[in-house]
Protein chains: 2
Amino acid sequence: MDLHLYELCGRDPDLRFSPWVWRTRIALAHKGLPYTPVPWRFTDKEAIAATGQGKVPVLKHGDKWIFDSWDIALYLENTFPDRPSLFGGPVGFAAAQLIRGWADRLVPTIAPLAVLPVWTLLNDKDQAYFRETREARFGKPLEDVCGDTQVRIDAVTAALAPMRDMLAHQSFIGGDTPLYTDHMVFGGLQWLHSVSRVTLFQDGDPTADWFERMLDAYDGAARKAKTCADAA
Amino acid sequence: MDLHLYELCGRDPDLRFSPWVWRTRIALAHKGLPYTPVPWRFTDKEAIAATGQGKVPVLKHGDKWIFDSWDIALYLENTFPDRPSLFGGPVGFAAAQLIRGWADRLVPTIAPLAVLPVWTLLNDKDQAYFRETREARFGKPLEDVCGDTQVRIDAVTAALAPMRDMLAHQSFIGGDTPLYTDHMVFGGLQWLHSVSRVTLFQDGDPTADWFERMLDAYDGAARKAKTCADAA
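About the cut-offs
Residues numbered from 1 in each chain as written. Chains lettered and ligands numbered in written order. Predicted model: local features only at pLDDT ≥ 70, side-chain atom pairs only at ≥ 80, totals over all residues. Heavy atoms only, no water. Pairing = 2+ DSSP bridges. Helix = DSSP H or I, 4+ residues; strand = E, 2+ residues; numbered from the N terminus. Axes fitted to C-alpha atoms, helices over the stretch in contact; angles between N-to-C directions. Contact = heavy atoms within 4.5 Å. Buried area = accessible area lost by both parts, 1.4 Å probe. Salt bridge = Lys/Arg side-chain N within 4 Å of Asp/Glu carboxyl O. Polar contact = N/O pair within 3.5 Å; in protein donor to acceptor, adjacent residues only side chain to side chain. Nonpolar A, V, L, I, M, F, W, Y, C, P; charged D, E, K, R; others polar. Buried < 20%, exposed > 50% of the residue type's maximum accessible area, 1.4 Å probe, protein only. Right-handed = clockwise from strand over helix to strand, strands pointing away. UniProt positions renumbered as here; feature names shortened; annotations may be inferred. Phe/Tyr/Trp six-rings, centres within 6.5 Å; stacked < 30°, edge-to-face > 60°. Lys NZ or Arg CZ within 6 Å of the ring centre and 35° of its normal. Expected span 1.5 Å × (residues − 1). Bend = angle between axes of the 7 residues up to and from the residue. Least-squares fit on C-alpha atoms with pLDDT ≥ 70 in both. Disulfide = S-S within 2.5 Å. Domains from an automatic or database assignment.

- Where an unreviewed UniProt entry is consulted, chain A appears under the name Glutathione S-transferase family protein, with the organism given as Pacificispira spongiicola.

1. Quick look at the sheet that holds strand β1 (residues 3–8) of chain B
Residue and element names in this part refer to chain B.
Here's step 1: Spatially, four strands are ordered β2-β1-β3-β4 in an open sheet, and the strand pairing comes out mixed. Both edges of this open sheet fall to β2 (36–40) and β4 (64–67), since each of them pairs with a single strand only. Neighbour-to-neighbour, the strand axes of this sheet turn through a mean angle of 25°, independent of strand direction.
Here's step 2: For β1 and strand β3 (residues 58–61), the ladder comprises four bridges, and the chain directions are antiparallel. Its bridge partner being in β3, Leu 5 is matched across the sheet by Leu 59.

2. Description of the interface of chain B and chain A
How large an interface is tends to be reported as the accessible area lost when its parts come together.
Here's step 1: Taken together, the contacts link 24 residues of chain B with 24 residues of chain A.
Here's step 2: Together chain B and chain A conceal approximately 2,000 Å² of surface at their shared face, both sides included; 68% is due to carbon and sulfur atoms.
Here's step 3: Together, Val91(B), Gln97(B) and Leu98(B) form the three largest contributors to the area buried by chain B at its contact with chain A, with a combined 29%.
Here's step 4: At the boundary of chain B and chain A, one finds two salt bridges.
Here's step 5: Across the pair Asp165(B) and Arg105(A) runs a salt bridge, and its minimum N-O distance is 2.7 Å.
Here's step 6: Run the count over chain B and chain A and you get four residue pairs in polar contact (both at pLDDT 80 or more).
Here's step 7: When residues of the side of chain B that touches chain A are traced back to their parent elements, those giving at least two are α3 (90–104) and α8 (161–167) of chain B.
Here's step 8: Tallied by class, the residues present in the side of chain B that touches chain A amount to 13 nonpolar, eight polar and three charged.

3. Quick word on the pairing of strand β1 (residues 3–8) of chain A
Two faces make up the sheet, and in a regular strand the side chains alternate between them.
Residue and element names in this part refer to chain A.
Here's step 1: The buried fraction of β1 is high, at five of six residues.
Here's step 2: Where β1 and strand β2 (residues 36–40) come together, five bridges link them in parallel fashion. Residue pairing in the sheet places Leu 8 in a bridge with Trp 40 of β2.
Here's step 3: Of the crossover connections in this fold, the one passing from β1 over helix α1 (residues 19–31) to the parallel β2 is right-handed.

4. Details of the UniProt feature "domain: GST N-terminal" (unreviewed entry) in chain A
Here's step 1: Residues annotated in UniProt with the feature "domain: GST N-terminal" (unreviewed entry) correspond here to residues 8–84 of chain A.
Here's step 2: With 31% helix and 18% strand, the stretch residues 8–84 of chain A has end C-alpha atoms that lie 26 Å from each other.

5. A few points about the packing of aromatic side chains
Residues and elements named next belong to chain A.
Here's step 1: Taken as a whole, this structure holds 22 aromatic pairs over all chains when the rule is applied.
Here's step 2: Ring pairing ties together the aromatic residues Trp 22, Phe 186, Phe 201 and Phe 211, which thus form one cluster.
Here's step 3: Directly above the aromatic system of Phe 172 lies the positively charged group of Arg 213, at a separation of 5.5 Å from the ring centroid.

6. Notes on α3(B)
Residue and element names in this part refer to chain B.
Here's step 1: Here α3 is 15 residues long and its end C-alpha atoms lie 21 Å apart, about the 21 Å a rise of 1.5 Å per residue gives.
Here's step 2: For α3, the principal kink sits at Leu 98 and spans about 30°.
Here's step 3: Looking at α3, one finds that the buried residues are Gly 92, Ala 94, Ala 95, Ala 96, Gln 97, Leu 98, Ile 99, Arg 100, Gly 101, Trp 102 and Ala 103.

7. Overview of helix α1 (residues 19–31) of chain B
Residue and element names in this part refer to chain B.
Here's step 1: With 13 residues, α1 should reach 18 Å at 1.5 Å per residue; the first-to-last C-alpha distance of 19 Å fits that figure.
Here's step 2: Summarising burial for α1: 11 of the 13 residues are buried, a large majority.
Here's step 3: All of the buried residues along α1 are Pro 19, Val 21, Trp 22, Arg 23, Thr 24, Arg 25, Ile 26, Ala 27, Leu 28, His 30 and Lys 31.
Here's step 4: Looking at the buried residues of α1, the elements they touch are β1, α2 (69–79), α3, α4 (106–121), α9 (180–195) and α10 (206–220).
Here's step 5: The distance from a side-chain oxygen at the start of α1 to the backbone nitrogen of Trp 20 is 3.1 Å, and the residue carrying that oxygen is Ser 18.
Here's step 6: Following α1 by one or two positions, Gly 32 has its phi on the positive side, about 65°.

8. Some thoughts on the relation of the copies chain B and chain A
Here's step 1: With an RMSD of 0.0 Å, the fit of chain B onto chain A corresponds to turning through 180° and sliding 0.0 Å along the axis. Such a turn and shift between the copies fits a two-fold axis. In terms of C-alpha distance to the rotation axis, chain B has Gly92(B) as its closest residue, with the C-alpha 2.7 Å off the axis.
Here's step 2: With an isologous cut-off of 70% or more, the 100% of interface residues of chain B that recur at the interface of chain A puts this contact in the isologous class.

9. Description of the pattern of salt bridges
Where charged atoms of side chains with opposite charge meet at close range, the side chains can pair.
Residue and element names in this part refer to chain A.
Here's step 1: Scanning all chains against the criterion turns up 24 salt bridges over all chains.
Here's step 2: Taking the shortest distance from any N to any O, the salt bridge between Arg 131 and Glu 135 comes out at 2.6 Å. Remark: Glu 135 and Arg 131 occur in helix α5 (residues 124–138); sequence separation between them is four residues, near one turn of the helix.
Here's step 3: The exposure class assigned to Glu 135 is partly exposed, which follows from its relative accessible area of 22%.
Here's step 4: With its nearest N and O atoms 2.9 Å apart, the salt bridge here joins Asp 216 to Arg 223.

10. A look at the state of the cysteines
Disulfides are covalent bonds that connect the sulfur atoms of two cysteines.
All names here are of chain A.
Here's step 1: Applying the stated criterion across every chain yields a total of zero disulfides over all chains.
Here's step 2: Unpaired in terms of disulfides, Cys 146 finds its nearest cysteine sulfur in Cys 228, a separation of 14 Å.
Here's step 3: The class for Cys 146 is buried, based on a relative accessible area of 18%.

11. Some thoughts on the domain arrangement of chain A
All names here are of chain A.
Here's step 1: Per the domain assignment, the segments of chain A are domain 1 (3–79) and domain 2 (90–231).
Here's step 2: A C-alpha centroid distance of 18 Å is found between domain 1 and domain 2.
Here's step 3: Each side of the interface is counted separately: domain 1 has 25 residues, and domain 2 has 38 residues.
Here's step 4: Together domain 1 and domain 2 conceal approximately 2,800 Å² of surface at their shared face, both sides included; 68% is due to carbon and sulfur atoms.
Here's step 5: When residues of domain 1 are sorted by the area they lose upon contact with domain 2, Arg 23, Phe 42 and Trp 70 head the list and together hold 26% of the total.

Here you go:
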């Protein structure tokens, strides 16, 4: 198959936490495609220079380089059409274009909870890079980005309201089984789950049950992954 | 066919403005189902007493009563399977369950802009009912609900961000043609368009172009409908 996926990591090369890389990891599991993970750090720009940009996920397929999680999903869907579909057909793909816009905006909602925990996991070189770029983005020291944790948790809880409505009727956004729409939402939540022990869900929140189902899906692809809880 | 749809109106029986009734009107147009509209006012509770609740849309099909716009959509889809599908199949239906949760929350975001204009369109009896119930809901006089119009417009604009992302790639949430996911979003925007002349969209907002396409869809079913602009 000759698939290589560049996956963001910190000091510990086995702890993978990028919300965007998680989308791709789960999409590859959904397609049942074996691949070689390549640990990648924020400052390893030369390793992915062929893509003309500096972010992961980056998928290398033979001599082809594909970047951006959405474009990788399209590439996988078109290149491996005989594998389980990520979108479930044209209507599912069209709907995913709207859900993508919604799911993408969960990431900045979760970000204030994640940035300082991420920083603690990085090596020295990446810590300096991350602090500089993120403090410029947020306009404040990393230590001040989160503020009141409960206020941030409440914002994520509010943003996930459509998930709770949906989960009153079915197990996944894809219906009985997950699709890439689920993968997109999962990526953001798995990011926080990987780097922080903050409790995001209230007791009885159906989103928590969906998240557990996603951890178990695809033979436990995400459940088996290392998190900060394992690293402690 | 013997379909009757109870549609909210004000003093003018031809001006229909409910965001939920609009979902059903467009769904019926999508299915190409002729029906008899029944003008209904907020206080006409007896006319729909058979449903055991006091809101429209209510669809009467022969001697069957169906209420709630979502349940009506399911009823139409299941009862008229040979007509164009509202959901485009099981995956589209499953995705619509999430998009529904998102689209439903556009309605309260639009509401502050709509409530006072709605009140001005009602007859005396409905004005008293509407003022009492809505002032209890919002906890303030109808005249104070909107506050800064631009702040309210900005909130709707922000909520529609996933639409703009999606419209960079395709014409409708359904893809090349609209589906019930489009109808749900359209209902909320057509509500405001029917009762107010407020300009919701900035120049160049692709959501404005989508809205125009929705007005023209189904042989102009929504374009032909009376709005406050016609009534003035």
